[in-house]
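The lines below spell out each chain.
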Amino acid sequence: MSETTALRAAETPAGRPDPLGYLAEEIADLQAKHLYRPLRVMTGAQATRTVMDGRPVISLSSNNYLGLATHPHLVRAALDAVRDLGVGSGAVRTIAGTMELHQELERRLAAFKHTEAVLTFQSGFTANSGVIPTITGERDLIVSDELNHASIIDGVRLSRAARAVFPHRDVDGLERVLREARAKGTVPGGSGVSGASGGSAASGASGGPYEHILVITDGVFSMDGDIAPLPGICEVAERYDAAVMVDDAHASGVLGRNGRGTIDHFDLHGRVDVQVGTLSKAVGVLGGYVAGRQHLRDYLIQRSRPFLFSTSHPPAVAAACLAAIDVLEGEPERIDRLWENTRFFKAGLQELGFDTGVSETPITPVIVRDSEKAGRMSDRLFELGIFAQAVVYPTVALDKARIRTIVTSEHSRDELQACLDAFGTVGRELRVI
Ligand SMILES: *Cc1c(COP(=O)(O)O)cnc(C)c1O
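Residues numbered from 1 in each chain as written. Predicted model: local features only at pLDDT ≥ 70, side-chain atom pairs only at ≥ 80, totals over all residues. Heavy atoms only, no water.

*Asks:* Could you give an account of the domain arrangement of the protein, with specific residues and numbers?
*Replies:* Partitioning the protein into domains gives domain 1 (35-65 + 333-429) and domain 2 (72-330). With 21 residues of domain 1 at the interface, the matching set in domain 2 holds 21 residues. Here domain 1 packs against domain 2, burying approximately 1,500 Å² in sum over the two surfaces, 61% of which is carbon and sulfur. Considering only the surface of domain 1 that becomes buried against domain 2, Tyr65, Ile335 and Glu360 emerge as the three largest contributors, covering 30% of it. Here domain 1 is connected to domain 2 by 2 salt bridges. Summed over the shared surface of domain 1 and domain 2, the number is 10 residue pairs in polar contact (both at pLDDT 80 or more). Among the secondary structure elements, those contributing two or more residues to the side of domain 1 that touches domain 2 are α14 (333-352), β10 (363-369) and β13 (401-406). The leading source of residues in the side of domain 1 that touches domain 2 is α14, at 5 residues. Broken down by class, the residue content of the side of domain 1 that touches domain 2 amounts to 11 nonpolar, 5 polar and 5 charged. (Domains from an automatic or database assignment. Contact = heavy atoms within 4.5 Å. Buried area = accessible area lost by both parts, 1.4 Å probe. Salt bridge = Lys/Arg side-chain N within 4 Å of Asp/Glu carboxyl O. Polar contact = N/O pair within 3.5 Å; in protein donor to acceptor, adjacent residues only side chain to side chain. Helix = DSSP H or I, 4+ residues; strand = E, 2+ residues; numbered from the N terminus. Nonpolar A, V, L, I, M, F, W, Y, C, P; charged D, E, K, R; others polar.)

Shown next as structure tokens:
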């Protein structure tokens, strides 16, 4: 931001000093550090080829893994629901906002996930922030993978439970935390366990052991595309009497039979107590859900704040999500195409010499390290007609800036090859390869 803009920002339009003027200073600081990313606006159709900020591009940045966001069966279901039931739902679920469609979606999702029950939320974000503080209290401990999604972190912050972090995907590290927690009733700090804090709050107040322990992990990690070691996590958690929660946002529709998620992928049915899924990514619509036992659903309905205090999905959203389950069950070839494209694109990036980290899924990071370089790389790719967003601090560590790519089932080989060609050109230009 130029100095004059900063000066102008320091005053409100009415001429008084702006009490929020410090925000303009923060923005100038982000810009100086190349950590400020503007929004790009999509004006074209939502497809692999679209128009961003007026430029035709091939997109590698959408979570619409299976193309369901524009699938005719979903579109028709949404239109029918709007015509028959209106555009809004009118109230929170506990007042007058529970429609037959909401209940039907939850029954279908529970059957799909092989769980007793499901409760939907307005988004995956609210599912996490709605379930975690509701099922944990001040005499409990939450143990969380250090790279868990922001919505899990916020859910943990809303809880009165003590908390500890275990090193990323490290089952032995998780066991160390659980062993010490069970032995002493306090949260361990020090070697191998980073970010442990608040341990004395719970144990200090009560002086006793933790009543309940909840272990939380992403199923697929959203920035690196790696998969949680769930069999090991379940095994350790069972030994220490801890509940397990898995956030399967990036696995829903991607991993497991017909996209049932990581629990199905590892055949761990019945061993994960809380499954969170999103309806906003591969499912193509909007929303989140919690899948598990019947008493989990019943308790959340009584106590979960986003459920109790925020209006339910419009009928068109629930109808489109129901239609999405039909497509997941009826067109599994979409998931096969997604994985074929994933293998082709990942191999291509690796042959070019890029560092693609530890990805095992359609999320493939191209790790550039330096934030400024990542921003420049994204901008140059954009000039060449490829939309692939840079991801910088605080979404990833300061020295782990990257271009994050996601292929979908809908990309053609020609489109993916064009992307690889552009990555090669820009990578050599900026000396990333
Ligand atoms: C995207 C994401 C969410 C949030 O889901 P929304 O439905 O977009 O709110 C939650 N958890 C993880 C791991 C995610 O990647």
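*Asks:* Provide a residue-level description of the sheet that holds strand β12 (residues 390-391), including the pertinent values.
*Replies:* As summarised here, the arrangement of the 3 strands in space is β10-β13-β12, forming an open sheet in which the pairing is antiparallel. Strands with a single pairing partner mark the edges of an open sheet, and in this sheet they are β10 and β12. Across 6 bridges, the pairing between β10 and β13 is antiparallel. Bridge pairing in β13 links Val366 to Ile403. Those strands touched by α14 are β10 and β13, and its axis lies near 20° from that of β10. In this fold helix α15 (residues 371-383) packs onto β10, β12 and β13, with an angle of close to 35° to the strand it touches most, β13. (Pairing = 2+ DSSP bridges. Axes fitted to C-alpha atoms, helices over the stretch in contact; angles between N-to-C directions.)

*Asks:* Talk me through unusual backbone geometry; I want residue IDs and the actual numbers.
*Replies:* For the bond running from Tyr393 to Pro394, omega is 5°, close enough to zero to count as cis. Checked against the element boundaries, Pro394 lands in the loop between β12 and β13. Despite not being glycine, Arg169 has its phi angle at roughly 60°, a positive value. Within the secondary structure, Arg169 is located in the loop between β5 (162-166) and α7 (171-184).

*Asks:* Summarise the sheet that holds strand β2 (residues 55-59); cite the residues concerned and give the values.
*Replies:* Taken in spatial order, the 3 strands line up as β1-β2-β11 in an open sheet, and their pairing is mixed. In this open sheet, the two strands that pair with only one neighbour each are β1 (49-52) and β11 (386-387). Bridge analysis of β2 against β11 gives 2 bridges, and the strand direction is parallel. Its bridge partner lying in β11, Ser59 is registered against Phe387.

*Asks:* Help me get a handle on helix α5 (residues 124-135), residues and values and all.
*Replies:* Counted at 1.5 Å a residue, the expected span for α5 with its 12 residues is 16 Å, and the 17 Å between its end C-alpha atoms agrees. Most of α5 is tucked away: 9 of the 12 residues are buried. Along α5, the positions that sit buried rather than exposed are Gly124, Thr126, Ala127, Asn128, Ser129, Gly130, Val131, Ile132 and Thr134. A distance of 3.3 Å separates the backbone nitrogen of Phe125 from a side-chain oxygen at the start of α5, and that oxygen is part of Ser123. (Expected span 1.5 Å × (residues − 1). Buried < 20%, exposed > 50% of the residue type's maximum accessible area, 1.4 Å probe, protein only.)

*Asks:* Any details on the site of the ligand? Residues and values, ideally.
*Replies:* Taken together, 15 residues are adjacent to the ligand, and Gly124, Asp247, Thr278, Ser280 and Lys281 come closest. In the environment of the ligand, a nitrogen atom lies 3.4 Å from a nitrogen or oxygen atom belonging to the side chain of His149. One nitrogen or oxygen atom from the side chain of Asp247 is found 2.5 Å from a nitrogen atom belonging to the ligand. Protein chains bury 86% of the 380 Å² of accessible surface belonging to the ligand in isolation. (Near = heavy atom within 4 Å. Areas by Shrake-Rupley, 256 points an atom, 1.4 Å probe, with all protein chains shown as cover.)

*Asks:* Mind laying out the packing of α14 against helix α16 (residues 413-429), listing which residues take part and the relevant values?
*Replies:* Their axes nearest at 10 Å, the elements α14 and α16 cross at an angle of 20°. When the axes of α14 and α16 are compared, the pair comes out roughly parallel. As for the relative orientation of α14 and α16, their crossing is right-handed in sense. Contact with α14, carried on its side by Glu340, Asn341, Phe344, Phe345, Gly348, Leu349 and Leu352, involves Arg413, Leu416, Gln417, Cys419, Leu420, Phe423, Gly424 and Arg428 of α16 and no other residues of that element. Broken down by class, the residue content of the contact of α14 with α16 amounts to 8 nonpolar, 4 polar and 3 charged. (Parallel < 35°, antiparallel > 145°, perpendicular 65-115°, else oblique. Left-handed = near helix turned anticlockwise from the far one by under 90°.)

*Asks:* Describe in detail a nonpolar patch on the surface, supporting the description with residues and values.
*Replies:* A surface patch of nonpolar side chains, about 300 Å² in accessible area, is lined by Leu20, Tyr22 and Leu23. Within the secondary structure layout, Leu20 lies in the loop between α1 (3-9) and α2 (21-32). (Patch = residues over 30% accessible without salt bridge, like charges linked within 9 Å, V, L, I, M, F, W, Y side chains within 5 Å.)

*Asks:* Give a detailed account of empty space enclosed by the protein, specifying residues and quantitative values.
*Replies:* As enumerated under the stated definition, the model contains 2 cavities of 30 Å³ or more in all. Along its surface, the largest cavity is lined by 14 residues, and Leu109, Phe112, Val283, Tyr289 and Leu328 are the ones closest to its centre. Mapped by element, the contributors of at least two residues to the lining of the largest cavity are α4 (100-113) and α13 (315-330). Counting residues per element, the lining of the largest cavity draws most heavily on α13, at 4 residues. Of the volumes computed, that of the second largest cavity is approximately 60 Å³. Arg93, Thr120, Phe121, Gln122, Pro306, Phe307, Ser310, Ser312 and His313 together form the lining of the second largest cavity. Of all the secondary-structure elements, those providing two or more residues to the lining of the second largest cavity are β3 (117-121) and α12 (305-309). (1 Å grid on protein atoms, 1.4 Å probe; cavity = no way out; pocket = protein on both sides within 12 Å on 5 of 7 lines; lining within 4 Å. Points joined across faces, edges and corners; volume = space filled by probe spheres on them.)

*Asks:* How would you sum up the environment of His102? Please name residues and give values.
*Replies:* Note that His102 resides in helix α4. Judged by its relative accessible area of 2%, His102 is buried. Once you skip the residues sitting within four places of it in the chain, His102 turns out to touch Ser89, Arg93, Gly97, Ser312, His313 and Ala318.

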